[in-house]
Amino acid sequence: METAVIIVLLVIALALFFDFTNGFHDTANAMATPIATGALKPKVAVLLAASLNLVGAFLSTEVSKTISHGIIQEDQIEPLAFLPIIFAGLIGAITWNMLTWLLGLPSSSSHALFGGLIGATLVGASVTAIDFGVVLSKVVLPALIAPFTAGVIAFLLTRLAYAMTRRYDNKPDGRDGFRWGQIFTSSLVALAHGTNDAQKTMGVITLALIMAGLQDGAHADPQLWVIFACAFTIALGTYMGGWRIIRTLGKGLTDVKPAQGFSAESSTAATILASSALGFALSTTQVASGSVIGSGLGRRGSTVRWRTVGRIAIGWLLTLPASGAVGAFAALLVVLFGGWGIAIDAVLAVAIILALFWRSRRNQVDSSNAMSEVADSGLAVKVKRNPPPTRRQRAILREQARRKAEQEAREKAERKAKAKADARQAADDKRARDKVRAAGKPGTGPAAPPVDLPGAPKGDEK
Amino acid sequence: MNVSIDWLAFLQVFGAALAAGTVVVAFYALGLRMLVRAGRAPVVAPAEFTDAITVITEKEARRAAKAAAKAARKSPLTDGQKRVALVAAYASFFLCGLAVLGGLLLIIFGH
């Protein structure tokens, strides 16, 4: 039992470390768009993200239940023997998470966690220990569907936001006001992040407590101290992660307009919150990325850079099996060497973490390795600086061109008629002068009275 | 191995997220539209002009403020009409906030 307690303590420490890296990694995801549009000062954004992550962690426990009471079939495993497997799974998750973060590869903390747990269980326990129905319906499928869902919603919302505020008279459209709105929507994203991501760690710790017999398996709700510990750790990680944003100041971010950012954040928050309520363990990074791509496409004159999309998608697809492989390797060490395997795992984990940390200190932090995947996905959409006109704008332009052409034709006709009239007038005048001159030549008396010439314009006709 | 997938749940998430997002964006956009109608087109310069801000420069922000003031002066609406538009704008923002709060309460107490 003592060994079990030690392993539980190790699992809790490692899980909280994972929670910290999760918050550290994801601050940028929640706050990338409001910083890009200038809705919030970077320092304020980081503080807001940390506070709301803390609050969000207390809102719901559905995702935590999915992990602690859904993925693993408790009746198929030996509880105490399963504790080292959870430990191995966490090592897989943290290693992969830190490696991708350092290399600047698109990844997801959540998928790294699931991959690590599943890989370790497959090797350390058995295939039957995993409920593939739950894994498919609550982890794999949401992972594949959620970014598309968020993208489609963000696309539609961006169209709606632009259509409702569009003006055709070139007067101010008030779209700047979406910057105010972004303060609220980005706060909602941070809150949603807390409801989904903090709970994953709660789920893992609760699972370990159940396995060690320290919590009743029938009640999968996380204990209050677990909720507090996870909430504060993710908030601390989020706050500490902010220095990267402040240092990089969002360099490399795409051209995100306030209306677009507002729609993307609304879509991200709505998708994550709705999923959290149903217990779907999503990757907030992927949902936020999907929203940024969708909202970019919602702007006029945008095209997709498929190569960037492909790179991001491959990174996403790779996360689950790759972290699974690392988790499986860690579990294999436990299976082969028992207690020594756990020690080797622990030493390896510390060594990897220290090595990666040292490496990250050595490297200059810049946009290529420190900015979020969300920023990366913004680059997947190319938006023209001068977008083509909408259908109504085209109709207005056509109407303007028609009126202009009509006006020009009318002016031309008037000019022609005037010239003709002037020429006729000049000719008549000349003829009249000639006549007068001819009539006045024979006599020397006063000039003859003017002759009423046919065709000459009369005074009252003018 | 019994693999059962609740496809309806995915549709629920999509429907709920789309509906919630539409309500929030529509009311907020309507509020902005009404503010513009009331002659108070919001000109919100970025909180800080960091390197990330590629959408607007300080000069452009000043120009936008001038254009908004000019448009407000030339508005053909009467004072009464402007007041109605302003009330409608605040009502829209309030409804938007109410929708968000309602959604959150539904998540917290719905389960």
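Residues numbered from 1 in each chain as written. Chains lettered and ligands numbered in written order. Predicted model: local features only at pLDDT ≥ 70, side-chain atom pairs only at ≥ 80, totals over all residues.

Honestly, the overall build of chain A in this entry has me stumped. Any pointers?
The helix and strand tally for chain A stands at 15 helices and two strands. Burial status across chain A gives 53% buried among its 462 residues. (Helix = DSSP H or I, 4+ residues; strand = E, 2+ residues; numbered from the N terminus. Buried ≥ 20, exposed ≤ 12 C-beta atoms within 10 Å, placed from the backbone.)

Would you take a moment to explain the overall build of chain B for this structure?
Across its full length, chain B carries three helices and zero strands. Each helix (α) and strand (β) of chain B, taken in turn from the N terminus, gives the series α-α-α. Going through the 111 residues of chain B one by one, you find that 29% of them count as buried. Of the contacts made within chain B by residues no fewer than 6 positions apart, 78% connect residues no fewer than 24 positions apart. (Contact = placed C-beta atoms within 7 Å.)

Any chance you could explain the UniProt feature "transmembrane region" (unreviewed entry) in chain B here in plain terms?
Taking the numbering used here, the UniProt-annotated feature "transmembrane region" (unreviewed entry) corresponds to residues 6-30 and 84-109 of chain B. Annotated as residues 84-109 of chain B, this span is 100% helix and 0% strand, and its ends, taken at the C-alpha atoms, are 36 Å apart. (UniProt positions renumbered as here; feature names shortened; annotations may be inferred.)

Can you help me understand the confidence of the model for chain A in this one?
Low-pLDDT stretches of the model should not have their predicted coordinates read in fine detail. All names here are of chain A. When the pLDDT values of chain A are averaged, the result is 79; 85% of them are 70 or greater. Per-element confidence in chain A is highest for helix 15 (residues 391-440), whose mean pLDDT is 90, and lowest for helix 13 (residues 367-370), whose mean pLDDT is 41. Predicted confidence is poor over residues 246-253, with pLDDT under 50, and the contacts of this stretch with residues over four places away or in other chains come to 32 contacts. (pLDDT = per-residue confidence, 0-100.)

I would appreciate a short explanation of the UniProt feature "transmembrane region" (unreviewed entry) in chain A in the present structure.
All names here are of chain A. On the UniProt side, "transmembrane region" (unreviewed entry) is annotated at positions that read residues 42-59, 80-99, 111-132, 139-162, 224-243, 309-334 and 340-358 here. For residues 111-132, helix accounts for 68% and strand for 0%, while the C-alpha atoms at its two ends are 15 Å apart. Helix and strand shares over residues 340-358 are 100% and 0% respectively, and the end C-alpha atoms of the span are 27 Å apart.

How should the packing of helix 6 (residues 132-165) of chain A against helix 9 (residues 258-278) of chain A be read in this particular structure?
Packed helices, taken two at a time, are described by the angle their axes make and the gap between the axes. Residues and elements named next belong to chain A. Interhelical geometry of helix 6 versus helix 9 gives an angle of 140° and a closest axis separation of 8 Å. Classed by the angle they form, the pair helix 6 and helix 9 counts as oblique. Seen from above, helix 6 lies across helix 9 with right-handed handedness. Here Pro142, Ala146, Thr149, Ala150, Ile153, Ala154, Leu157, Thr158, Ala161, Tyr162 and Thr165 of helix 6 lie close against helix 9, whose contacting residues are Ala259, Gln260, Phe262, Ser263, Ala264, Ser266, Ser267, Thr268, Ala270, Thr271 and Ser275. Residues that form the contact of helix 6 with helix 9 fall into these classes: 12 nonpolar, 10 polar and no charged. (Axes fitted to C-alpha atoms, helices over the stretch in contact; angles between N-to-C directions. Parallel < 35°, antiparallel > 145°, perpendicular 65-115°, else oblique. Left-handed = near helix turned anticlockwise from the far one by under 90°. Nonpolar A, V, L, I, M, F, W, Y, C, P; charged D, E, K, R; others polar.)

Looking at this structure, I do not really get the interface of chain B and chain A. What am I missing?
Reports of interface size often rely on the accessible area that becomes lost once the parts have come together. Contacts between the two partners involve 51 residues from chain B, matched on the other side by 52 residues from chain A. Elements supplying a minimum of two residues to the side of chain B that touches chain A: helix 1 (7-37), helix 2 (58-73) and helix 3 (79-109) of chain B. Among the elements that take part in the side of chain B that touches chain A, helix 1 of chain B stands out by supplying 21 residues, more than any other. Classifying every residue of the side of chain B that touches chain A gives 37 nonpolar, 10 polar and four charged.

Please explain the nonpolar core as it appears in this structure.
What tends to happen in soluble globular proteins is that the nonpolar side chains get buried as a cluster. Residue and element names in this part refer to chain A. With 139 residues, the main nonpolar core has Val11, Leu83, Ile86, Phe87, Leu90 and Ala208 as its most contacted residues. Sort the elements by how many residues they give to this core and helix 7 (residues 178-211) lands first, with 16 residues. For leucine 83, the residues in contact, after removing those within four places along its chain, are Ala4, Ile7, Val8, Val11, Ala208, Met211 and Ala212. (Core = buried A, V, L, I, M, F, W, Y, C linked by C-beta atoms within 7 Å.)

Honestly, helix 5 (residues 109-124) of chain A in this entry has me stumped. Any pointers?
Along an α-helix, a turn takes 3.6 residues, which lines up residues three or four apart on a common side. The first and last C-alpha atoms of helix 5 of chain A sit 22 Å apart over 16 residues, in line with the 22 Å expected at 1.5 Å per residue. Of all 16 residues in helix 5 of chain A, 15 are buried; the element is thus mostly enclosed. (Expected span 1.5 Å × (residues − 1).)

How should the environment of proline 258 of chain A be read in this particular structure?
Along the chain, the position of proline 258 of chain A falls in helix 9. The class for proline 258 of chain A is buried, based on 26 C-beta atoms found within 10 Å.

I tried to follow the environment of phenylalanine 24 of chain A on my own but got confused; where do I start?
Along the chain, phenylalanine 24 of chain A turns up in helix 1 (residues 2-37). The contact partners of phenylalanine 24 of chain A, leaving out residues within four places of it in the chain, are Gly237, Met240 and Gly241 of chain A.

Explain helix 7 of chain A here, please?
Residue and element names in this part refer to chain A. Here helix 7 contains 34 residues, and its C-alpha end-to-end distance of 49 Å stays within 8% of the 50 Å for a straight helix at 1.5 Å per residue. Residue glutamine 199 marks the point of greatest curvature in helix 7, where the axis turns by about 30°. Two residues or fewer past helix 7, glycine 213 is found with a positive phi of approximately 75°. (Bend = angle between axes of the 7 residues up to and from the residue.)

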